[in-house]
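# Chain and residue survey
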Amino acid sequence: MKNFRNYTLIALTAISLAACSSDDDADIPEIINEEEVITTVTLTLQSGSETIVLRSQDLDGDGPNAPTVTVSGDLDVSTVYNGSIEFLNETESPAEDITEEVVEESDEHQVFYTPSTGLDAAVTYEDFDGNGNPLGTIVTFTTGDTAGEGTLTVTLRHEPNKPNDGSLSDAGGETDVQVTFPVTVE
Amino acid sequence: MKFYLWLSIALLSITSTAQECTYTLSGYIIDLHDNEVLSGATIIVAGSEDAVMTDSLGKYVITGLCANNYTLQVSHPACETQIVKVDVNSNTTRNINMEHHLESLGDVEVVAHAHKSKSRTATEAVVNHDFLESNSAASLGDALKNLSGVTSLNTGNSVVKPVIQGLHSSRVVLITEGTRLQDQEWGVEHAPNIDVNAAGEVTVIKGAAGLQYGGDAIGGTIIIEPEQVPVKDTIFGRTIITGATNGRGGSITTSLIKSYNNGWYGGINGTLKRFGDAEAPDYVLSNTALSEKDISVRLGVNKYRYGVEGSYSIFDKESGILRSSHVGNAADLSVAINSQEPFVVEPFTYDIEAPRQEVTHQIAKLKSFYRFDNFGKLSAQVDYQRNNRLEFDIRRDSDDLRPSIDLQLETFGGKIDFDYTADNSITAKVGVSGNYQDHFPDPSTGVRRLIPDYQAFDFGVYALGSKNFGKWTLEAGARFDYNRINAEKFYATSLWEDRGYDVQFPQFEREEFQNQIFVKPEFEYNNFSATAGASYEVNDATTVSLNYALASRSPNVSELFSDGLHQSAARIELGDLSFNQEVANKISLNFTRSTDTWSFTIAPFANFIEDFILIEPTGVQQTIRGSFPVWEYRQTQARLLGFDIDNNVQVTDRFEFSNQFSLVKGKDKTLDRALINMPSASTRNTITYHIPEVNNLKLSLESNYVFRQNEFPDTNFDVFIPETNTTELVDISTPPDAYHLLNFRSSIDFAINEKSKLNVGLMVNNLFDTSYREYLNRQRYFADDLGRNVLLQLKINY
């Protein structure tokens, strides 16, 4: 590739010198679509026929536009929800499913769910890595009997200390995703 | 020789007839090899009894000559005697070059220590060969740090950038053996790629007075010169082995030079360094191991009239970046700052894992000179440099071993200089230089390019000179530089529009691809720089000089094109396409008093920089990974004031005391506040005890006190911490406390045989294992600086 590019350059330079014209746009460097980026996080909570979708979407990646956070509805008190999370890179077409990568390297990842103090809810891990430590792409989300408002923060950590006590500070590692959803329990 | 002499005398006595004899013949006797003047040379006019000697400036005057062809016999204790013929028809000036190599024959070090001022009026500092040798295992930045006014900007312990009177990176020009180092010194974590062991001497010009090297050296110029090779049949070299406890590693460097009487010479220099994780007093600094391999070779011929040298060097360094400094987002950064210990402390290892850098720098060069009698020296040089830089970040997919950054910078350069040497009271130099540069960021990294593809063209022309009028020396110079840059870059369309570039620079737009836009920015800059100065010799001991330097620097590619997340720094960096040149006006004063027992220099300066480019935090940006601090480049009116003091007292024959103090105050005049990242005031005091009769034993104790930087801008920001459901202040501004380090150095010589000498050195840095953090170390948020380090050094000269 490098050689090819050098030859192109030499050829272009020769042509532009000979023709005495400014260089044209034929020589475009290879475009890079950021592979490391996650644009979309979707947490789906399901109880019976009710489905609540919490989504954060940031289509310009690290660009200046902030992510758009949407929550499709309120949660019910004293209800058990089956939760599953999906990470996508939508800068590529078709979108790349990062969840698969997280599951494949389960021992290097963990998703943390952190409800704020005003939110009466508990999260239980339902999937585990090869060493039996929690992974967190599938969870059970159980609301208590107190109605209220608060936030739920979802954090994907890369290379956390495993096992850990479930807190972000004990886990260490790098944050790949951190999204805070406003949640109401009625 | 004698035959010609007697023949001349015989001829002269025949042809001489009575005539008016009132003419004067005068000139300087100059060492051919380093242009030093030779005092105490004897000139005998053949056929007469007239014999004169050169004065301390190397000047001779012979009076009462007739219009005739004279033969002079010129002799000097250190040179081969020469016979020179001179036509005298009027008062005549004739400079005579001599081969000054008998002295260097007996002692090679005499040559290595010969130092020629680079500028007559600017403030200069020199690191000599001995000091470089004792820092054999360290980096160039560390070795220079011992000069007053020079500090360092670190990313951990092995990535060290020199800072001259508060300025660094693109503002400091590095010249290695006449070649401007074209490495990727755009950002803080790009250290110069130089092996200190290949240098004979390093000179630092504080400020932009070194016009022959470049007009954009707003901070200063660092000139690295190799050891001089004597014209003589000889072979010599040295090997230095250093072992260090901190990092549990060491370095070995060896050099060998072979030269011949006919002027041919060759030299080779190799260095190997290997260190494991460095250690702070309380913990291992995980992933700070280092590996370096350098080789340089040169081959040339140095004749009376001409010389040619070809050389090649390769510098290859791999260094780990502190594991704990790799944080995910601003919340992680806040936790790291508030935590006393680093996140990751692993057992000691020699392994170098991600995040790490791997830099290879190659220089190939051909240079030559031709000397014109009684006129000057013409030098020409062509060089090629290739800098390849790989940065390996921690990837989400740990099986992916590709670097995140793979940059290759190729530079083709050429220059021609002419040095006028016919009159010793004048120095004059003119020159032209040109560069073509091609930067290629390899797309196979799969990570968007931090620095775009670009081609750059530079062309410079300069003239400078100085003239001596008795006690006064005046100096002046001017330089013009043309820079052109043609870049090819993909921007995120949202950023392109957010910055208003779609309105300001629609002519650069070429094509849109989904959420990226391809642009071809082209910029041209015309830079003018100049210097003027005067130096006055008050008496034999005291000299005062004043220098004014005007310098212009074009914005560099990272200042123009940075856009987006800089992974390893956990920050979003934004450049600005609308930047124009920085223009600096610097006035520096230099007062030197030097007697046998006391030398003292005070050098105050004022540097006013228009459109000074700096990067500092401006806020927080939300992404799906959490919030990130945004660091934006901006231009401002800056003012730097400061002074350096050097003080050296020879108390007795054995006891010496030296003291340095440096202060810089940087002000952002536009915002009326302190400039970010200005070095703290510091002082260094050393006592040395020397016992020559005990194998030249030297003992010294050095105290280095660094004050707290009390002047800094408040660029703190708030960040939401989900765990505690609170918003917390991220204190990235507040500098760390003052600190004091004690260092011990000792050395002793042992004679191995007539020619070889073994020098053993024992050094202890940070004697009391003090925990400290340095304001200009980017990793100060994450970990303490280096703890105690005991170094043992063996140096064999042969």
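So, here is what we can say about the structure in this document. (Residues numbered from 1 in each chain as written. Chains lettered and ligands numbered in written order. Predicted model: local features only at pLDDT ≥ 70, side-chain atom pairs only at ≥ 80, totals over all residues. Heavy atoms only, no water.)

## Comments concerning the overall build of chain B
Which entries qualify depends on this criterion: Helix and strand definitions here come from DSSP, where helices need a minimum of 4 consecutive H or I residues and strands a minimum of 2 consecutive E residues; each element is numbered from the N-terminal end. The quantity called the radius of gyration is restricted to C-alpha atoms. Its globule counterpart is 2.2 Å times the number of residues to the power 0.38. Only protein chains enter the area calculation, which uses a 1.4 Å probe; residues under 20% of their type maximum are buried, those over 50% are exposed, and those in between are partly exposed. By definition, residues are in contact when any of their heavy atoms lie within 4.5 Å. In these tables, accessible area is a Shrake-Rupley quantity obtained with a 1.4 Å probe, and a residue counts as shielded only by the protein chains included in the view.
What chain B contains, in helices and strands, is 9 helices and 46 strands. Expected size for 798 residues packed as a compact globule is a radius of gyration near 28 Å; at 29 Å, chain B falls within 12% of this value. Its C-alpha atoms put chain B at 110 × 65 × 45 Å along the principal axes. For chain B, with 798 residues in total, the buried portion stands at 58%. Of the contacts formed within chain B by residues at least 6 apart in sequence, a portion of 66% connects residues at least 24 apart. Looking at chain B as shown, the accessible area adds up to about 31,400 Å², and 55% of this sits on carbon and sulfur atoms.

## Focus: a negative patch on the surface
All names here are of chain A. Selection rule: Distance thresholds for patches are 9 Å for like charges and 5 Å for nonpolar side chains (Val, Leu, Ile, Met, Phe, Trp, Tyr), applied to residues having over 30% relative accessible area and no salt bridge. By salt bridge we mean one thing: a side-chain nitrogen of Lys or Arg within 4 Å of a carboxyl oxygen of Asp or Glu. Only four residue types enter the tally: Lys and Arg on the positive side, Asp and Glu on the negative side; His and the chain ends are excluded. Lysine's charge is taken at NZ, arginine's at CZ, aspartate's at CG and glutamate's at CD.
Side chains of D74, D76, E149 and E186 sit close together on the surface and give a patch of like negative charge. Mapped onto the elements of the fold, D76 is located in the loop between β3 (68-71) and β4 (80-89). With relative accessibility at 31%, the residue D76 sits in the partly exposed group.

## Description of the nonpolar core
To be explicit about the condition: Take the buried Ala, Val, Leu, Ile, Met, Phe, Trp, Tyr and Cys residues and link them wherever side-chain atoms come within 4.5 Å; each set so joined is a nonpolar core.
Counting residues in each nonpolar core, the largest one holds 61 residues, and the members touching the most others are Y454(B), Y491(B), W496(B), F523(B), F561(B), L577(B) and I732(B). Ignoring anything within four residues of it in the chain, the contact list for Y491(B) reads R448(B), W496(B), Y501(B), N515(B), Q516(B), I517(B), V519(B), L560(B), F561(B), D563(B) and L577(B). Membership of the second largest hydrophobic core comes to 32 residues, among which are F112(A), A121(A), V139(A) and F181(A).

## With respect to the sheet that holds strand β10 (residues 174-185) of chain A
Residue and element names in this part refer to chain A. Defined as follows: The criterion for strand pairing is that DSSP finds at least two bridges linking the strands in question. Axis lines are fitted through C-alpha atoms, for helices just across the contact stretch, and the angle between N-to-C directions can take any value from 0 to 180 degrees.
An order of β6-β9-β10 is seen for the 3 strands of this open sheet, with the pairing classed as antiparallel. Each end of this open sheet is capped by a strand with a single partner; those strands are β6 (109-115) and β10. Shown here is a sheet whose adjacent strand axes are inclined to one another by a mean of 15 degrees, direction ignored. Relative to strand β9 (residues 148-158), β6 is paired through 7 bridges, and the arrangement is antiparallel. From the neighbouring strand, H109 faces β9, where its bridge partner is H158.

## As for the pattern of salt bridges
Within the structure shown, the criterion is met by 42 salt bridges over all chains. Residues E159(A) and R323(B) are paired through a salt bridge, measuring 3.1 Å at the closest nitrogen-oxygen approach. Within this pair, whereas E159(A) is found in the loop between β9 and α3 (168-171), its partner R323(B) is found in the loop between β22 (306-320) and α6 (330-338), the two belonging to separate chains. Classification of R323(B) as buried rests on a relative accessible area of 14%. A salt bridge links E524(B) to R484(B); the nearest nitrogen and oxygen atoms lie 3.0 Å apart.

## Digging into unusual backbone geometry
Of note, the amide linkage connecting S93(A) to P94(A) takes the cis form, showing an omega dihedral of 0 degrees. Residue position: P94(A) is located in the loop between β4 and β5 (96-97). Here A354(B) and P355(B) are connected by a cis peptide whose omega angle stands at -5 degrees. Assignment of secondary structure puts P355(B) in the loop between α6 and β23 (356-372). In this structure, S78(A) takes a positive phi of about 50 degrees despite not being glycine. Within the secondary structure layout, S78(A) lies in the loop between β3 and β4. Although it is not a glycine, D769(B) adopts a positive phi angle of roughly 55 degrees. Inspection of the secondary structure assignment puts D769(B) in the loop between β45 (757-765) and β46 (789-797). Taking relative accessible area as the criterion, D769(B) reaches 27% and is therefore assigned partly exposed.

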